[in-house]
Amino acid sequence: MTAKFTLLILAGALAASMDLEAGAFEDYGGFGKYKQNLADGGGCISGTVGTSVSGKNFNSIVYFAGSQYGEKAQFNKAYFGFTTLNKIHDIDNGTLRASAFQMCLKPGNYDIIGIEARGMESAKEVRMPFTVEAGKNVYLGSLIFHNDTVKALACGSINGQGVEIRDELSRDTPLILGLKGAIAPESKVLDAAKGQPYFYRCPQ
């Protein structure tokens, strides 16, 4: 078996495991740890995730875990993210590429704990909380990965880069409702201040 053929097989397996849809993908943790459908009493989270960074063939990932895991969160994490491997995106205006996501989870308290971009994972674990409520779809916001130091510092970022959180509910709602099984989202945008140094929010 040639190296090229092996690489194609691995790429196909990765795409199949990530549940790709229009550039967004998600993972519910080992053995579907957090997954629970609405019909079975679950609740959902939703939003858009994307990047303003140019280029192709890279992923941008947001990690989360159940709050109950505390210091063991890294060993119990799940994620949603955006890939440029898929060239079909819900938003693509030349400077921004992003797509909608929705994940239905077990009701309870969760934390965003870190990010990964271009294969490099955040070193400091953060705790940016959100709550999943049975029968509801919680809109976490539009999470966009940037590499613009000037803008990031102007918006209060500590390290000059990272993920901007915006409230784009009006723009994103039709995109979310276009996903299979989606229900109307309610805005409960993440508190970026609790996600420093990797998350920030600019005045709107």
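I will try to describe carefully the structure that is included in this document. Given the structure is predicted, the values throughout are model-derived calculations rather than measurements.

### A word on the side chain of Ser 99
Tracing the backbone through its elements, the reader meets Ser 99 in strand 6 (residues 97–105). Note on Ser 99: relative accessible area 0%, which makes it buried. Side-chain polar atoms of Ser 99 contact the backbone nitrogen of Asp 90, separated by 3.2 Å. Those residues in contact with Ser 99 that sit more than four places away from it in its chain are Ala 22, Gly 23, Ala 24, Gly 47, Thr 48, Val 49, Phe 82, Ile 88, His 89 and Asp 90.

### Some details on the packing of aromatic side chains
Applying the stated criterion across every chain yields a total of ten aromatic pairs. With centroids separated by 4.1 Å and ring planes inclined at 10°, the aromatic side chains of Phe 80 and Phe 101 adopt a geometry described as stacked. Taken together, the residues span a long stretch of sequence, with Phe 80 in strand 4 (residues 78–83) and Phe 101 in strand 6 at a distance of 21 residues. Both residues of the pair, Phe 80 and Phe 101, belong to the buried class. Ring pairing ties together the aromatic residues Tyr 34, Phe 64, Tyr 69, Phe 80, Phe 101, Tyr 110 and Phe 130, which thus form one cluster. The ring of Tyr 28 has Lys 35 lying over it, and the distance from NZ or CZ to the ring centre is 5.1 Å. Taking NZ or CZ as reference, Lys 77 lies 4.1 Å from the ring centre of Tyr 63, over its face.

### Some thoughts on the environment of His 89
Mapped onto the elements, His 89 comes out in the loop between strand 4 and strand 5 (91–92). Overall, the relative accessible area of 15% leaves His 89 in the buried class. With residues near it in sequence (within four places) discarded, His 89 still touches Ala 22, Gly 23, Phe 82, Thr 83, Thr 84, Arg 97, Ala 98 and Ser 99. There is a polar contact of 3.2 Å between the side chain of His 89 and the backbone oxygen of Asn 86.

### Things to note about the pattern of salt bridges
Enumeration according to the criterion identifies eight salt bridges in this entry. Of the charged contacts in the structure, one is a salt bridge between Glu 168 and Arg 166, with a shortest N-O distance of 2.9 Å. A salt bridge links Arg 171 to Asp 172; its shortest N-O distance comes to 2.8 Å. Classification of Arg 171 by relative accessible area gives partly exposed; the value is 32%. Asp 172 gets classed as buried once you look at its relative accessible area, which sits at 0%. Among the ionic contacts, a cluster of salt bridges with common partners joins Asp 111, Glu 125 and Arg 127.

The rules we used
Residues numbered from 1 in each chain as written. Predicted model: local features only at pLDDT ≥ 70, side-chain atom pairs only at ≥ 80, totals over all residues. Heavy atoms only, no water. Helix = DSSP H or I, 4+ residues; strand = E, 2+ residues; numbered from the N terminus. Buried < 20%, exposed > 50% of the residue type's maximum accessible area, 1.4 Å probe, protein only. Polar contact = N/O pair within 3.5 Å; in protein donor to acceptor, adjacent residues only side chain to side chain. Contact = heavy atoms within 4.5 Å. Phe/Tyr/Trp six-rings, centres within 6.5 Å; stacked < 30°, edge-to-face > 60°. Lys NZ or Arg CZ within 6 Å of the ring centre and 35° of its normal. Salt bridge = Lys/Arg side-chain N within 4 Å of Asp/Glu carboxyl O.

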